[in-house]
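Listed below, chain by chain, are the residues.
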Amino acid sequence: MQNEGGIQHDAQACDIGFIGLGVMGSNLTMNLVDHGYRVACFDLDQLKVESILDKDASERAADSAPRVVGCSSYTELLSKLKAPHLIIISVPAGNPVDHVCHHLIDAGIHADDIVVDTGNSLWTDSVAREAEYKGKFIFFSTAVSGGEVGARFGPSLMPSGNPYAWTRIEPVLKAIAAKAHPETGKPLESFIPGQPITEGEPCATYIGPIGAGHYVKMVHNGIEYADMQLICETYHIMRDALAMTPADIAAVFRTWNKGKLNSYLIEISAEVLEQLDPETNQPLVDVILDRAGQKGTGLWTAVSALEVGSPAQTITSAVFARSISSLKEERVAASEVLSGPDAVDYTEDEKQAIIVKLEHALYCSKICAYAQGFQLMAMAAKEHGWNLEFGEIAKIWRAGCIIRAVFLQSISKAYENNEELPNLLMDPFFAEQITQYQSHWRQSIAQATLAGVPCPSMMSALSYYDSYRTAVLPANLLQGQRDYFGAHTYQRVDKPAAKKYHLEWSDPGRPQTSIKR
Ligand SMILES: NC(=O)C1=CN([C@@H]2O[C@H](COP(=O)(O)OP(=O)(O)OC[C@H]3O[C@@H](n4cnc5c(N)ncnc54)[C@H](OP(=O)(O)O)[C@@H]3O)[C@@H](O)[C@H]2O)C=CC1
Ligand SMILES: O=C(CO)[C@H](O)[C@H](O)COP(=O)(O)O
């Protein structure tokens, strides 16, 4: 037995307790052990505990000691840990997180123990939890992105909460995080158990007070929704307007993946399109039902954008695209009643020209989706008093996470060059890129519209761009309408903005009054 700070514990005690051994939890646990941590594990389902013990046995050297210790209760888990305890949880967002926290309190967790929530929790829940569990233990959060492979070999991590807790957790999270090449921004990857990447810049940085990290992860997911939807729209245009096969479209994505669109999402899209159905030997994508699921983070982003008044229409339209996809039966019925334009027969040369334009359309739309995400974070940070470092946020998204892409290096440079950048579109590099490619972007959307193929997110991205660069929007008429029916007042272009006016619309003379408040 050792004695540290008056606490007795076993030399073989575990460094970390892990609760929730599902898709993410089991892989995060194996990632931790690859980095030399001894982990005590618990899940409500004991089969999952046994399975992780088997996994450890199969991956560790035959003559080495187990790196994972299985537990059958919260009390047993606490008893296996070095003090002060560090416990990581990966359970479904919502009630299960509080269920775990309450059981840890019942099991005798201490005030200086740390519980780190890694699930996709709603950021306001994390804020409430820190307050609720104060004095019982330190509630900390680190949002995780990267899916199961990321969890296993290096995810992107967005930690936030008590700064003292961060000093204790930082070495653990930076060890298990994905690593990016500092100059190129490209992910440094190894998918071999027991041989983790140790060089490069870790994709984990302290985001701020509790809630900030989960907010940033929520926006990451909102961007993820938009990015995925934009790729799906280009696939749709190629499939229905250009009559291309999944294999042809995959080949186009493979080519794009070598250029400015290089990203994990383009890569996996090509792979999905190439996959044949094991049952029918047809392209798998053709037998997957076109009804998209969603767990809530895209919706939360859209709701937050509406609440803080940040224009994030490409993200929001991606959420709506999932909603309309779920109306499968109605769409099938409507397809037999509602008409669209006649199909156009393109020559091979015309098709190739359209494909070139589509690449640029996707790129410009993607820039706008990211611009909206960063703008939303900036507006939320102002509202909640967070000091978000956007260059650092872009850096931790370069590897490990679902939206990892070479162009995040350019985003991080944009914010390094100008910390006060009001919008990504105003960065000289991105402004120039859109200037160069916008004609192809506009032509692609026009072509899709003429062919009757919906591209709501691409259209909304272009509208965002055009709205953002328009000095005088038609909101002047809108203000007039509001004042007409509801005396909601208006400001004048020729008077100080603080002054408000109302026109007496029902008075035949229509006098204007200056509103004194
Ligand atoms: N899958 C992904 O790609 C990503 C998921 N996330 C988030 O990570 C979290 C975990 O996701 P994922 O691994 O996919 O989910 P899973 O459903 O695969 O795993 C959750 C695990 O937690 C267990 N569990 C639930 N409640 C408790 C409890 N009170 N005590 C102990 N164990 C419990 C579940 O057991 P049982 O099944 O018996 O209920 C299950 O084994 C979620 O918040 C998710 O949103 C984040 C990033 C990516
Ligand atoms: O967080 C993630 C990756 O970053 C998850 O994959 C996310 O839960 C997927 O969301 P949805 O099921 O709503 O598509």
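Residues numbered from 1 in each chain as written. Chains lettered and ligands numbered in written order. Predicted model: local features only at pLDDT ≥ 70, side-chain atom pairs only at ≥ 80, totals over all residues. Heavy atoms only, no water.

Identification of the chain as 6-phosphogluconate dehydrogenase, decarboxylating from Alteromonas profundi is taken from an unreviewed UniProt entry. Recorded in UniProt under Subunit (unreviewed entry), the annotation for the chain is "Homodimer." (UniProt positions renumbered as here; feature names shortened; annotations may be inferred.)

Trainee: What is the right way to look at the overall build of the chain in this model?
Mentor: From N to C terminus, the chain includes 20 helices and 14 strands. Of the contacts made within the chain by residues no fewer than 6 positions apart, 68% connect residues no fewer than 24 positions apart. Averaging the locations of the 43 positively and 61 negatively charged side chains of the chain gives two centres separated by 6 Å. (Helix = DSSP H or I, 4+ residues; strand = E, 2+ residues; numbered from the N terminus. Contact = heavy atoms within 4.5 Å. Lys, Arg positive; Asp, Glu negative; His and termini not counted. Charge placed at Lys NZ, Arg CZ, Asp CG, Glu CD.)

Trainee: Whenever I open this one, the pattern of salt bridges confuses me. Can you help?
Mentor: Close approach of charged atoms allows side chains with opposite charge to pair. Scanning the model with the defined rule gives 21 salt bridges in all. Among the ionic pairs, Glu-189 bridges to Arg-404, the shortest N-O distance being 3.8 Å. Within this pair, whereas Glu-189 is found in the loop between β11 (187–188) and β12 (201–202), its partner Arg-404 is found in the loop between α16 (390–396) and α17 (407–417), the two being separated by 215 residues in sequence. Here Glu-189 falls in the partly exposed class, since its relative accessible area comes to 44%. For Glu-274, the salt bridge identified is with Arg-254, shortest N-O distance 2.7 Å. Linking Glu-274 in helix α10 (residues 264–274) with Arg-254 in helix α9 (residues 246–256), this pair joins segments that are 20 residues apart in sequence. On the accessibility criterion, Glu-274 (38% relative accessible area) is partly exposed. Salt bridges sharing partners connect three or more residues here, namely Asp-34, Lys-55, Asp-56, Glu-59, Arg-60, Arg-67 and Arg-152. (Salt bridge = Lys/Arg side-chain N within 4 Å of Asp/Glu carboxyl O. Buried < 20%, exposed > 50% of the residue type's maximum accessible area, 1.4 Å probe, protein only.)

Trainee: Help me out: how do you make sense of helix α7 (residues 163–176) in this one?
Mentor: Residues that lie three or four places apart on an α-helix share one face, since the helix turns once every 3.6 residues. The first and last C-alpha atoms of α7 sit 19 Å apart over 14 residues, in line with the 20 Å expected at 1.5 Å per residue. At Ile-169, α7 is bent by approximately 50°, the largest bend along its length, and proline Pro-171 sits one to four residues beyond. Among the residues of α7, Ala-165, Trp-166, Ile-169, Val-172, Leu-173, Ala-175 and Ile-176 are the ones counted as buried. The N-cap residue of α7 is Asn-162: its side-chain oxygen and the backbone nitrogen of Tyr-164 are 2.8 Å apart. (Expected span 1.5 Å × (residues − 1). Bend = angle between axes of the 7 residues up to and from the residue. Polar contact = N/O pair within 3.5 Å; in protein donor to acceptor, adjacent residues only side chain to side chain.)

Trainee: What am I meant to see in the packing of aromatic side chains here?
Mentor: By convention here, two paired aromatic rings are described through the distance between centres and the angle between planes. Summed over the entire model, instances satisfying the criterion amount to 23 aromatic pairs. Arranged with centres 5.2 Å apart and planes meeting at 80°, the rings of Trp-123 and Trp-386 form a pair that is edge-to-face. You can see Trp-123 sitting in helix α5 (residues 123–132) and its partner Trp-386 sitting in the loop between α15 (348–384) and α16, a full 263 residues away along the chain. Each of the two residues, Trp-123 as well as Trp-386, counts as buried. A connected cluster of aromatic rings, assembled from ring pairs, spans Tyr-363, Tyr-370, Phe-407, Phe-429, Phe-430 and Tyr-437. (Phe/Tyr/Trp six-rings, centres within 6.5 Å; stacked < 30°, edge-to-face > 60°.)

Trainee: Can you walk me through the domain arrangement of the chain in this structure?
Mentor: Note: interface size is frequently given as the accessible area lost on complex formation between the parts. Split by domain assignment, the chain resolves into domain 1 (2–210), domain 2 (214–468) and domain 3 (475–515). Computed over C-alpha atoms, the centres of domain 1 and domain 3 are 58 Å apart. (Domains from an automatic or database assignment.)

Trainee: Help me understand the UniProt feature "binding site: substrate" (unreviewed entry) in the chain, please; the structure alone is not making it clear to me.
Mentor: Per the UniProt annotation, the sites labelled "binding site: substrate" (unreviewed entry) are Asn-120, Ser-145, Gly-146, Gly-147, His-220, Asn-221, Tyr-225, Lys-295, Arg-322, Arg-482 and His-488. Across 369 residues in sequence, these annotated residues place their C-alpha atoms as far as 48.2 Å from one another, rather than forming a single compact spot. Residues within four places of Tyr-225 in sequence aside, it is in contact with Gln-294, Lys-295, Gly-296, Thr-297, Gly-298, Ala-318, Val-319 and Arg-322. Note on placement: Arg-322 falls in helix α13 (residues 313–325). With a relative accessible area of 14%, Arg-322 lands in the buried category.

Trainee: What should I look at first to understand the side chain of Asp-227 in this one?
Mentor: Within the fold, Asp-227 resides in helix α8 (residues 212–241). Reaching out from Asp-227, the side chain makes a polar contact with the side chain of Lys-366 at a distance of 3.3 Å.

Trainee: What should I look at first to understand the site of ligand 2 in this one?
Mentor: Close to ligand 2 lie Asn-120, Ser-145, Lys-217, His-220, Asn-221, Glu-224, Tyr-225, Gln-294, Lys-295, Arg-322 and Ile-402, which account for all nearby residues. Note that an oxygen atom of ligand 2 is positioned 3.0 Å from one of the side-chain N or O atoms of Asn-120. Burial of ligand 2 by the protein amounts to 79% of the accessible area it has alone, namely 380 Å². When residues in the shell around ligand 2 are grouped by element, the largest group, five residues, is from α8. A per-class count over the shell around ligand 2 returns two nonpolar, five polar and four charged. (Near = heavy atom within 4 Å. Areas by Shrake-Rupley, 256 points an atom, 1.4 Å probe, with all protein chains shown as cover. Nonpolar A, V, L, I, M, F, W, Y, C, P; charged D, E, K, R; others polar.)

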